[in-house]
Amino acid sequence: MKVTESSSHYDNLEKMTVLELLQNINKEDHVVPQAVKKVLPEISRLVEMIVPRMEAGGRLIYIGAGTSGRLGILDASECPPTYGVPHEWVIGIIAGGDSAIRKSVENAEDDVDQAWEDILEYGFNKDDTVIGIAASGTTPYVIGGVKIARGKGLLTGCITCNRDSPLSKEVEYPIEVIVGPEFVTGSTRMKSGTAQKLVLNMISTTVMIKLGKVKGNKMVDMQLSNAKLVQRGTNMIMEATGTDEETAKELLLSHGSVRLATEYFYKNK
């Protein structure tokens, strides 16, 4: 039996008090970071392969259905504002298309050929990496997508929460985060979803750092999309250069990024 479908450690949930429910959910959530810790070597091996491919012009593509697809889209959509990279660098694709982000699309995850068709809408690059995300590791849409991608010579990985799943068998770099039964039996948006989110954070953040999008510990290429981020960028320039706030803000707004503003300051000091 799949771990993700195993019966919860708890029963009679409806008879628990609100506090008891929250305490037990929290207790289960504590399992997740330790499960992720066990697969750090597997995550590392995948990231080590992704970085040079992206340096050569490849992209990072996530494919998934339901919660898994939404998590991939979330991670991908946050890379441009955080690191100032083009939207096509990291791509999140969900079974059923964009409408499935908010509402489930019936049977979309059962089409084994559709994921590759969806990937092709973004073009084809021999240096691309495709990561299939599926808690169960049995989603046909995801399995079919990584299988075709691997056959085309692309790097493939997966994030799943079952051991030795069909998905893991189709990729070069499987990541299996075994978090155990969900608090509500089979509700993989809970611990499994949290585990997937943590791994996605690790992958994209580490890749971006290795691609030079972070200096020290600062997001020096972040997009200046609101007043909060302009102020954050101003503070970063002040810290890096020792200049006053007014000058730092002027440099930031005229050059468009913390990196360029700081480089300009030191070149013209």
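Residues numbered from 1 in each chain as written. Predicted model: local features only at pLDDT ≥ 70, side-chain atom pairs only at ≥ 80, totals over all residues. Heavy atoms only, no water.

*Asks:* Before we move on, could you go through the sheet that holds strand β1 (residues 60–64) and cite the residues and values that matter?
*Replies:* Spatially, the five strands line up as an open sheet ordered β2-β1-β3-β4-β5, and their pairing is parallel. Looking at strand neighbours, the two that pair on one side only are β2 (90–94) and β5 (173–176), the edges of this open sheet. Averaged over all neighbouring strand pairs, the angle between strand axes comes to 15 degrees, with direction disregarded. One ladder, built from five bridges, connects strand β3 (residues 129–133) with strand β4 (residues 155–160); its direction is parallel. From the neighbouring strand, G132 faces β4, where its bridge partner is C158. Here helix α3 (residues 40–55) sits on the sheet and contacts β1, β3, β4 and β5; the angle it forms with β5, its principal contact strand, is near 140 degrees. (Pairing = 2+ DSSP bridges. Helix = DSSP H or I, 4+ residues; strand = E, 2+ residues; numbered from the N terminus. Axes fitted to C-alpha atoms, helices over the stretch in contact; angles between N-to-C directions. Contact = heavy atoms within 4.5 Å.)

*Asks:* Mind laying out the side chain of S68, listing which residues take part and the relevant values?
*Replies:* Inspection of the secondary structure puts S68 in helix α4 (residues 66–83). With relative accessibility at 7%, the residue S68 sits in the buried group. Here S68 is in contact with I133, A134, A135 and Q196, once residues within four sequence places are set aside. (Buried < 20%, exposed > 50% of the residue type's maximum accessible area, 1.4 Å probe, protein only.)

*Asks:* Outline helix α6 (residues 140–151), listing residues and values.
*Replies:* Its twelve residues place the ends of α6 16 Å apart at the C-alpha level, agreeing with the 16 Å of an ideal helix rising 1.5 Å per residue. Every buried residue of α6 is listed here: Y141, V142, I143, G144, G145, V146 and A149. Structurally, α6 contributes buried residues whose contacts are with β1, β2, α5 (114–120), β3, β4 and α7 (166–169). Once α6 ends, the next one or two residues include G153, with phi positive near 95 degrees. (Expected span 1.5 Å × (residues − 1).)

*Asks:* Help me get a handle on the environment of K191, residues and values and all.
*Replies:* Looking at where K191 falls in the secondary structure, it is placed in helix α8 (residues 191–210). Here the alpha-carbon distance between K191 and G66, two residues 125 residues apart in the chain, equals 15 Å. Reaching out from K191, the side chain makes a polar contact with the backbone oxygen of V179 at a distance of 2.8 Å. (Polar contact = N/O pair within 3.5 Å; in protein donor to acceptor, adjacent residues only side chain to side chain.)

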